[in-house]
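Observations on the three-dimensional arrangement
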Amino acid sequence: MAKGERSEFDDLLGPDRSEKPAHESSDPPAVEDESDTAVLDTDADSRTGAEPETDTKTEDSGTGESTSRVQGWRRVFRGNRVLWLTALIGVVALVGGLLLGRFVLSPADAASLAEAPEPGLITVEVERGVLSNDVTIRGEIAYADSVEVTLEGGGEGASIVTGAVPEAGSNLEELSVALEVTGRPIIVLPGELPAYRTLTFGMTGPDVVQFKQAMREVGLDAGDPESDVFDATAANAVTALYAEVGYPAPASEEGAAEAVQLARDSVRAAEQEVETARAALDNVSSGVSAVDVLRADNAVNAASRALEAARAETPDDTLQIAALEDELAVAKLEREELNRAPDSSGEKAALEAAQGSLTSAQEDLTRAQQDALPSLPSGEVLYLAELPRRIDAVNVARGDALEGPALVVSGATLSMSGSAAPADAALLEVGAEASFALPEGGDGVAVVTALEAGASTEDRWTVTLEPKDLTPEQITNLQGTNVRVQIPVGATEGEVLYVPVAALTAGPGGEERVEVVDGDPRDGDEAETRLVVVETGLAAQGSVEVRPIEDPLDEGDLVVVGR
């Protein structure tokens, strides 16, 4: 290679740092062409002793193309030197990584290639404690049976709230006044049927029965609750009811009191007429007195003696004897008249007429009194079931007109409602106690009050519970929350030994037994074990109560559950 010339390897490594840069040289750069290349190649051939080809044109053409390709590759290497070096480093790293991964193993790979250890026994400890089987549900806590109460008031015209407005959070009880409207109370009574009409004397129906039952519950007598007639006793109970709450009974219809007074006056007048007619009849019916009878008898006797004396005289006085005979006949006739009954038909007719007038007057008085009896206006009574009730919201104030729901009330006690699968619900019963988490920590107590089956056998049951012994603060914190409720359906009496159900095996005679490990469980089948026959008890949550029959079994012993 002549001095100053560069090989293809030199071109790959970059420019010769010893050479002067082209822009610093005073000589113009040499221009290579095909003729120069051809001369160099001919010289090279003469130095090697090779004979030139006879076809000069073909040789010159091939040599020029080769030289052009070499120069093109030089330009590619020269312009992308960094890229080619980076690629070269990547290839070297790849090859090195493959070689390293072939001979170096991770701990996991090394463990996987190692031989598996001898299998041991799967054991658990025997535990001691109270074992219980629980049904767990989620319960929504809220005041039960929240309803809106629309009140009308019993007065005429606009119903204006005039007083007795309760506060939210207070309770409505029997004989409470829910509101005072136009000066009249709206009295709370126990019952489910709403008041839909004013009860007056003589009415019948289920609302009358409800009123009588409500009066009995609050200690007032309204008559037989089995009778559906609103009689005088029931009407008089209205007066007693209003007296209990401190209000006058509802006023009777206008003119009712005057009608009663007029009817009473008519009765008194008719009674006097009856007394007068009865006295007249009594006078007639009493007959002749003994004095009159005696006088008549004396007159007959005297006339008889005078006639006998006249007949005894001589000579006879015919005219005198005839006159005395007539007197005697008259005396006897008068005496006979005294023996006959007197005619009292007129007096009797007068008495009957007087008695009829009295009866009519008494009937008029009864009707007037019934019309004047107290009635129970539908707008002055509010029937609510399951009293007491808590007032959740008050939508009116004193001076407001009643429009829409005036109150929102609910049950006075908290209620907890959840659902359970049919299989779990079948284990529950009304009266069962449950536990739930309190917001401040600890457990609260609730009692199952109702179980309602789903629409079909596959639907979940509704479980209703009532929390017990809660403080006002706890009630406030619990309202509207969702809590986890556990309802025990079976529990041991005190602490017992228990093991997983998987630890039980059946003996040749069907007896239950557990395998106790006395040695090292890691020895597998070579470990020292013994079989302990047990009597089983309550099974709950994957565990079962066990009682050893003969061999000892204690808390902390290891029992086999698998191999």
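Residues numbered from 1 in each chain as written. Predicted model: local features only at pLDDT ≥ 70, side-chain atom pairs only at ≥ 80, totals over all residues. Heavy atoms only, no water.

So, about the overall build of the protein chain. Secondary structure summary: the protein chain contains 13 helices and 22 strands in total. For the protein chain, the residues scored as buried account for 28% of the 563 residues in total. Restricting to contacts in the protein chain with at least 6 residues of sequence separation, those with at least 24 account for 67%. Here the protein chain displays about 35,100 Å² of accessible surface, and carbon together with sulfur accounts for 51% of that area. (Helix = DSSP H or I, 4+ residues; strand = E, 2+ residues; numbered from the N terminus. Buried < 20%, exposed > 50% of the residue type's maximum accessible area, 1.4 Å probe, protein only. Contact = heavy atoms within 4.5 Å. Areas by Shrake-Rupley, 256 points an atom, 1.4 Å probe, with all protein chains shown as cover.)

Next up on the list: unusual backbone geometry. Following leucine 387, the chain continues to proline 388 via a peptide bond in cis, the omega torsion being 5°. With respect to the helices and strands, proline 388 occurs in the loop between strand E9 (381-384) and strand E10 (389-394). Of note in the backbone geometry, threonine 182 takes a positive phi value of approximately 50° without being a glycine. Take threonine 182: it is sitting in the loop between strand E7 (177-181) and strand E8 (184-190). A relative accessible area of 32% means that threonine 182 is categorised as partly exposed. Despite not being glycine, aspartate 469 has its phi angle at roughly 55°, a positive value. Note that aspartate 469 resides in the loop between strand E15 (461-468) and helix H13 (472-478).

What follows covers the confidence of the model for the protein chain. Averaged over all residues, the pLDDT of the protein chain is 81; the fraction at 70 or higher stands at 80%. The weakest mean pLDDT in the protein chain belongs to helix H2 (residues 34-48) at 39; the strongest belongs to helix H6 (residues 206-217) at 96. Considering only residues more than four positions removed or in separate chains, one finds that residues 1-62, a stretch of pLDDT under 50, has 29 contacts. (pLDDT = per-residue confidence, 0-100.)

Attention shifts here to helix H11 (residues 345-371). For H11, built from 27 residues, the straight-helix expectation of 39 Å at 1.5 Å per residue is met to within 8% by its first-to-last C-alpha distance of 39 Å. Leu351, Ala354, Leu358, Ala361, Leu365 and Ala368 are the residues of H11 that are buried. (Expected span 1.5 Å × (residues − 1).)

A word on the pattern of salt bridges. The tally for this structure, following the rule as stated, stands at 15 salt bridges. The closest approach of N and O atoms between arginine 335 and aspartate 297, which form a salt bridge, is 2.3 Å. One end of the pair, arginine 335, is in helix H10 (residues 318-339); the other, aspartate 297, is in helix H9 (residues 290-312), with 38 residues separating them in the sequence. For arginine 335, a relative accessible area of 18% corresponds to the buried category. For arginine 563, the salt bridge is made with aspartate 525, and the minimal N-O distance between the two is 3.1 Å. Residue arginine 563 is found in the segment after strand E22 (558-562), and its partner aspartate 525 is found in the loop between strand E19 (512-517) and strand E20 (529-540); the two are separated by 38 residues along the sequence. Residue classification places arginine 563 among the exposed residues on the basis of a relative accessible area of 56%. We classify aspartate 525 as exposed; its relative accessible area is 63%. Residues joined in a network through salt bridges with shared partners are Glu515, Asp525 and Arg563. (Salt bridge = Lys/Arg side-chain N within 4 Å of Asp/Glu carboxyl O.)

The 6 strands lie next to each other as E3-E12-E15-E14-E13-E16, forming a closed barrel whose pairing is antiparallel. Strand after strand, the sheet turns through a mean of 40° between neighbouring axes, direction not considered. Relative to strand E14 (residues 443-452), strand E13 (residues 433-437) runs antiparallel, the two sharing 5 bridges. Bridge pairing links glutamate 433 to valine 447 in E14. (Pairing = 2+ DSSP bridges. Axes fitted to C-alpha atoms, helices over the stretch in contact; angles between N-to-C directions.)

Along the chain, the position of glutamate 337 falls in helix H10. When the C-alpha atoms of glutamate 337 and valine 293 are compared, they prove to be 9.9 Å apart, with 44 residues separating the residues in sequence.

All right, on to the sheet that holds strand E4 (residues 147-149) then. Here we have 4 strands laid out as an open sheet, ordered E4-E11-E10-E6, and antiparallel in their pairing. Either end of the sheet is taken by a strand with one partner, and the two such strands are E4 and strand E6 (171-172). Summarising the sheet, E4 and strand E11 (residues 407-411) pair through 3 bridges and their orientation is antiparallel. When the sheet's bridge partners are listed, glutamate 148 is paired in E11 with valine 408.

This part covers the packing of aromatic side chains. Applying the stated criterion across every chain, the model contains 1 aromatic pair. Between phenylalanine 211 and phenylalanine 230 the ring centres are 5.9 Å apart and the planes differ by 45°, which places this aromatic pair in the tilted class. Of this pair, phenylalanine 211 sits in helix H6 while phenylalanine 230 is found in the loop between H6 and helix H7 (232-245), placing the two residues 19 residues apart along the sequence. A single burial state applies to phenylalanine 211 and to phenylalanine 230, both of which are buried. (Phe/Tyr/Trp six-rings, centres within 6.5 Å; stacked < 30°, edge-to-face > 60°.)

What follows is about the packing of H6 against H7. In a pair of packed helices, the angle between the axes and the distance between the axes together describe the arrangement. At a minimum axis distance of 11 Å, the contact between H6 and H7 shows a crossing angle of 45°. Our classification of the angle between H6 and H7 gives oblique. The two elements H6 and H7 cross, and the hand of that crossing is left-handed. Facing Phe211, Lys212 and Met215 of H6, the residues of H7 in contact are Ala234, Ala237, Val238 and Leu241. (Parallel < 35°, antiparallel > 145°, perpendicular 65-115°, else oblique. Left-handed = near helix turned anticlockwise from the far one by under 90°.)

Glancing now at the nonpolar core. Formed by 23 residues in total, the largest nonpolar core has its most connected members in Leu189, Phe211, Met215, Phe230, Leu241, Leu376 and Tyr383. Mapped onto this core, the elements with two or more residues apiece are E8, H6, H7 and E9. A per-element tally of this core places H7 first, with 7 residues. Of all hydrophobic cores here, the second largest spans 22 residues; its members include Ile141, Val448, Leu465 and Ile487. (Core = buried A, V, L, I, M, F, W, Y, C linked by side-chain atoms within 4.5 Å.)

The next point concerns the environment of glycine 542. Among the secondary structure elements, glycine 542 is positioned in the loop between E20 and strand E21 (543-548). Remark: the alpha-carbon pair of glycine 542 and valine 499, spanning 43 residues in sequence, is separated by 8.6 Å. Other than its neighbours up to four places away in sequence, glycine 542 contacts Val499, Pro500 and Val501.

Inspection of the secondary structure puts threonine 492 in the loop between strand E16 (482-491) and strand E17 (496-500). Threonine 492 gets classed as buried once you look at its relative accessible area, which sits at 12%. Of the polar contacts made by the side chain of threonine 492, one reaches the backbone oxygen of glycine 494; its length is 2.9 Å. (Polar contact = N/O pair within 3.5 Å; in protein donor to acceptor, adjacent residues only side chain to side chain.)

So, about the packing of H9 against H10. Between H9 and H10, the least distance of the axes is 8 Å, while the angle of their chain directions is 160°. Judged on the interaxial angle alone, H10 and H9 are roughly antiparallel. Between H9 and H10 lies a crossing whose hand is left-handed. Counted together, Asp292, Val293, Ala296, Asp297, Ala299, Val300, Ala303, Ser304, Ala306, Leu307, Ala310 and Arg311 of H9 and Gln320, Ile321, Leu324, Glu325, Glu327, Leu328, Ala331, Lys332, Arg335 and Leu338 of H10 form the full contact between these two elements. By residue class, the composition of the contact of H9 with H10 is 13 nonpolar, 2 polar and 7 charged. (Nonpolar A, V, L, I, M, F, W, Y, C, P; charged D, E, K, R; others polar.)

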